[in-house]
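Report on the structure
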Amino acid sequence: VVELDKQIEMQNRSSECLELQNTELQKVNKELDQFVYSISHDLRAPLTSVMGLVELSKLEKDPEQVKHYHEMMERSLTKLDIFIKDILNFSRNARLDIEAAAIDLSELLTDVFSQHEYAHSGQLIEKTVDLELPFPVYSDKRRLKVILNNLISNSIKYSDPAKGMSYIHLSAKSTDQDILFKITDNGIGIDESRVVRIFDMFYRATEFSKGSGLGLYIVKETIETLGGSISVESTLNKGTTFYFTIPNLASTVMSSEELLEAKLV
């Protein structure tokens, strides 16, 4: 009887494992279908646009009109460049191992904000940072930069020009176990009916969307790869707040004594 119970338990575990694998395979297949469709559209559309504008430029005599065509080409190529970068980030997150290293969060944030200094309205937005880091921050720097870059870029892209002053406020707190982030803006916000889908692959939550539809999907996948979680609160025309937590990997590279000493310092 005992042996039979063991066999039944093993079969149940095997069935659960197969069910999990099947669910994961269905998810991968669905994402692959979406991925192939989007690549065929989002890669070809800007290229087709540029090729058409090149032909028009060849026939145009007016320098001002030629300049206008060149500006349109630049916008199409920029969109293509963003899409390719998103694909690379998606691929790297899936392939590369996590590399825990000490991170100067203040320096990393300065670097991320500086990348967007001259982006659309970037220089017109008040940016504030509040760091409470009693414990040293250890994580995968490349992945953390991808996460912060996407979220801050979104806050800038979807700022509300109708408001007198736009802002982005970022706060972070470290414990011996986790690093907690909060990013708040007073941008255009997201309609309540669409918030639930913003982390889906290729989903665009607004007709004003300027991205590939991959950014927030990559953010969620990257955070989950690190063993963390993300949530969002948003009100249309008022603003958006993202909360995310990732493990502080300090304990994987530092002893308890070193962690306590680092905190005391």
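The structure under discussion appears in the preceding block.
Here is what the cut-offs are and how they apply
Residues numbered from 1 in each chain as written. Predicted model: local features only at pLDDT ≥ 70, side-chain atom pairs only at ≥ 80, totals over all residues. Heavy atoms only, no water. Core = buried A, V, L, I, M, F, W, Y, C linked by side-chain atoms within 4.5 Å. Buried < 20%, exposed > 50% of the residue type's maximum accessible area, 1.4 Å probe, protein only. Helix = DSSP H or I, 4+ residues; strand = E, 2+ residues; numbered from the N terminus. Contact = heavy atoms within 4.5 Å. Polar contact = N/O pair within 3.5 Å; in protein donor to acceptor, adjacent residues only side chain to side chain. Pairing = 2+ DSSP bridges. Axes fitted to C-alpha atoms, helices over the stretch in contact; angles between N-to-C directions.

Here the focus is the nonpolar core. One finds Leu144, Leu148, Phe181 and Phe244 to be the most contacted residues of the largest nonpolar core, which totals 33 residues. For this core, the elements supplying multiple residues, two or more each, are α4 (105–115), α5 (141–157), β4 (166–174), β5 (178–185), α7 (215–225), β6 (229–235) and β7 (239–247). In terms of residue count, α5 provides more of this core than any other element does, six residues in total. Once you skip the residues sitting within four places of it in the chain, Leu144 turns out to touch Ile103, Leu105, Leu108, Phe181, Phe244 and Ile246. If you look at the next biggest cluster of nonpolar residues, it comprises seven residues, including Phe83, Val146, Tyr217 and Ile218.

Quick look at the side chain of Ser159 now. Mapped onto the secondary structure, Ser159 falls in the loop between α5 and β4. Within the structure, Ser159 has its side chain in polar contact with the backbone oxygen of Ile156 (distance 3.1 Å).

What follows covers the sheet that holds strand β2 (residues 125–132). Remark on secondary structure: sheet strands pair via backbone hydrogen bonds, oriented parallel or antiparallel. Strands sit in the order β2-β4-β5-β7-β6 across an open sheet of five strands; the sheet is mixed. The outermost strands of the open sheet, each flanked by one partner alone, are β2 and β6. On average, each strand axis in the sheet is tilted by 10° relative to the strand beside it, whichever way the strands run. Bridge analysis of β5 against β7 gives eight bridges, and the strand direction is antiparallel. Among the inter-strand pairings, Leu180 is bridged to a residue of β7, identified as Thr245.

Sheet topology note: the β2/β4 ladder contains eight bridges and is parallel. Paired with Asp130 across the bridge in β4 is Ser171. As paired strands, β4 and β5 are joined by seven bridges and run antiparallel to one another. Opposite Ile168, over in β5, you have Asp185 as the bridge partner. Counting the residues that bridge the hairpin from β4 to β5 gives three residues.

What follows concerns the environment of Gly239. Along the chain, Gly239 turns up in strand β7. By relative accessible area, which is 10% here, Gly239 ends up buried. Sequence separation between Gly239 and Tyr158 is 81 residues; the distance between their C-alpha atoms is 9.2 Å. Apart from the residues within four sequence positions on either side, Gly239 is in contact with Asp185, Asn186, Gly187, Gly189, Glu233 and Ser234.

Moving on: α7. By the criterion of burial, α7 is predominantly enclosed, with eight of the eleven residues buried. Those residues of α7 that sit buried are Gly215, Leu216, Tyr217, Ile218, Val219, Glu221, Thr222 and Ile223.

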